[in-house]
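Coordinate inspection notes
So the chains spell out like this:
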Amino acid sequence: ISPIEFIYERFNSRVLRLFFALMTLIPSILYVIGQFRAIGQSTEGLSSGKISGIWGAIGLGAVMLLYEVMGGMRSVAWTDVVQGFILLFAFISLLVVGEIELGGLINNAYRLALSQYIVPPFEEKLSWYSFVIVGMAFPIYPHIMQRFFAVKDERRLRTSFSVLFVLCIFAYIPSVVIGLLGYVHHPDLKTSEREQIFSIVMRDLLEIGGFPYILASVLLASSVAAIMSTTDSLLMSLSSIVVVDFFKPYTSLSEKSLLIIGKVTSLVVVVLGVIFGILIKIDLQNFFVLQGGFLLQMLPSYLLGCRFLCIRKNAVIIACCCGTLTTLTIFFTKRQIIGLDASIYGFFVNLVVFSISQVVLVKLYPSPQELNLTPLESTIKLLNEEEEPANKPWIFVIAFIFALLSGNFYRKSGTVDKFIIGFPVWAFTALVVCITWSFYGVLVSLFIWKDMKTNTNLLQGPQHRVYV
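As the structure is a prediction and not an experimental result, all values here were calculated from the model.

Once that is clear, we can look at the overall build of the protein chain. When helices and strands are tallied, the protein chain shows 16 helices and 2 strands. Every one of the 468 residues in the protein chain was classed for burial, and the buried ones make up 47%. In the protein chain, once contacts between residues fewer than 6 apart in sequence are set aside, the share between residues at least 24 apart is 81%. For the protein chain, the accessible area works out to roughly 24200 Å², and carbon and sulfur atoms hold 70% of it.

Here it is in C-alpha cells:
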C-alpha cells in the first residue's frame, strides 16, 4: 500500500502521482538521515568521542536490515510492541531516579527558571508557532498514513487517535526531563555539544552506579528502540512507494522482482542514512525544518482533496512547486524572517498560489456536469454528509484558540515572571494549555467523531473524471 495512491485516484494524474512520490521520498530520506545522525551522536557522547558515531550508525542499520529482510512488516510490528514497553518502563524509572539522584524535577526546574524567568521575545514566540504549524504536516508521513490504512475499522481508529493525543504529552516528558537535567548540570556546553545532551546525562547516571547504572543502560536501549521503531517503519514505507508508485504502474515486472527492488531500496536508504547522517554538518532542528518544508507543500492537497470535488490537479502542482522553491531558497540562504522558519513562508506561498490558480482554472475550465460520480468522489460526497469532526467548524476554531494560547502571544515580552511549582508563569501556562489541548483531542475523537452510517461499495462506479 502506498499513501500516494490516494492522490492518483483523487486527481487521476500520473504526473501528480510521481511528483508527490518524489516529494514524499525526500523528507522521508531526510528523516532517516536524522535518525542515524542521532544514534551517531549518542555513541560519540557516551564514549566521550572515543568511538566514532559512524560505527553506531552502521550497527543500527545492519540490525534493522536483518530483521526487516527476514521478517518483513510483521517483524517491524512485533519489535515496535517490545520497544514500546521498554520505553514505558524507562520513562517511569527516569522520573524516580531524577528525583532521588539528580535533585528532582521541581528543584531543577526552579534552578533553570532563574535564568529563564523573563517572558520570551516576540521572535521566540513565533518560533513556537512555526513548530506547531510544521507539526500539522507530520501525519502525512508515509509510515504514519500506512498505520491509518491498516486499522480494522473506524471505531479502532477513533480509539487509537484518543490514545495518541494523551501519549503525545507523556512522550515529550522524558525529553524535557533529560534536557532539564543536562542544562542544569552542564550549563557550559557548546552549541555543537547540546545535541549530545542525552548521552551526557546517561554518562552521569552510569558514573553513579547501582540502579541508576541499570536505568542508564535501559534508557540507552530505549533510545535505540525509539530510533529503530520509526526508522524501520519508514524503510518499509519508502520501499512501498518506490515499488508501487515508480515501478509497478509502468512495468510488467513479476512480484518477485518487485520484492527484490523493495529490499534494495531499503539497503540504499540505510547506506545513505549512515553516510550523510555522519558527514552532513547540519543540526537536527534544521533537519526538522527541511522535512516539514516538503510535507507542508502536500498538506493542502490531502486536506482539501478529501473535502472538495472541485480541486484541480494543475493548481496543486503549481502551488507545490512555488512553495517548495520558496522554502529551499530561504533555507539555503540561511534566513529566518521575524522568527518564522523557511517552511512556514513556503506554506503561505503555497496557499496563496493555490487559491489564485484554483480560481483561474475553474473560470477557464468549468467542471463537467455529470450525474455519475467516481467511487472516490462518491466517498468524498458521503463524508461531507456524515457526522465527522471535519464537518463541524467549531472544532477547528477551538483547536486554533488552543494553538494561539500555547504560545503566550498575549504576554508582554521581557516581563519578569513569577514562579509556579518551579516554572515561570509563561512556561507553566503553556504546559497547561498543551495538556488541555491534548485532552480536547481525546474528547473529540471519542464523543464527536461518529462512525459512518452508510456503507458504500467503493469498488464499483464509473471511471475517473479528468479535470485540468
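What follows deals with the side chain of Ser 28. Summarising the element assignment, Ser 28 is placed in helix H2 (residues 14–46). In this structure Ser 28 touches Tyr 141, Pro 142, Leu 234 and Leu 238, once residues within four positions along its chain are discounted.

Attention now goes to the packing of helix H7 (residues 154–185) against helix H16 (residues 425–448). Relative to each other, H7 and H16 sit at 175°, their axes nearing to 8 Å. Comparing their axes, H16 and H7 come out roughly antiparallel. Contacts from Arg 158, Phe 161, Ser 162, Phe 165, Val 166, Cys 168 and Ile 169 of H7 reach H16 at Cys 434, Ile 435, Ser 438, Phe 439, Gly 441, Val 442, Ser 445 and Leu 446. Residues that form the contact of H7 with H16 fall into these classes: 10 nonpolar, 4 polar and 1 charged.

One finds Ile 7, Phe 20, Phe 36, Leu 296, Tyr 302 and Val 316 to be the most contacted residues of the largest nonpolar core, which totals 68 residues. Looking at this core element by element, the count peaks at 12 residues for H2. Beyond its immediate chain neighbours, meaning those up to four positions away, Phe 20 contacts Ile 4, Ile 7, Met 298, Ser 301, Tyr 302, Val 316 and Cys 320.

Here H7 is 32 residues long and its end C-alpha atoms lie 47 Å apart, about the 46 Å a rise of 1.5 Å per residue gives. Where H7 bends most, at Leu 167, the angle is about 30°. Burial in H7 covers these residues: Leu 157, Arg 158, Ser 162, Ile 169, Pro 174, Val 177, Ile 178, Leu 180, Leu 181, Gly 182 and Val 184.

This brings us to unusual backbone geometry. Even without being glycine, Asn 12 reaches a positive phi, approximately 50°. You will see that Asn 408, though not glycine, has its phi angle at about 55°, which is positive.

Calculation rules
Residues numbered from 1 in each chain as written. Predicted model: local features only at pLDDT ≥ 70, side-chain atom pairs only at ≥ 80, totals over all residues. Heavy atoms only, no water. Helix = DSSP H or I, 4+ residues; strand = E, 2+ residues; numbered from the N terminus. Buried < 20%, exposed > 50% of the residue type's maximum accessible area, 1.4 Å probe, protein only. Contact = heavy atoms within 4.5 Å. Areas by Shrake-Rupley, 256 points an atom, 1.4 Å probe, with all protein chains shown as cover. Axes fitted to C-alpha atoms, helices over the stretch in contact; angles between N-to-C directions. Parallel < 35°, antiparallel > 145°, perpendicular 65-115°, else oblique. Nonpolar A, V, L, I, M, F, W, Y, C, P; charged D, E, K, R; others polar. Core = buried A, V, L, I, M, F, W, Y, C linked by side-chain atoms within 4.5 Å. Expected span 1.5 Å × (residues − 1). Bend = angle between axes of the 7 residues up to and from the residue.

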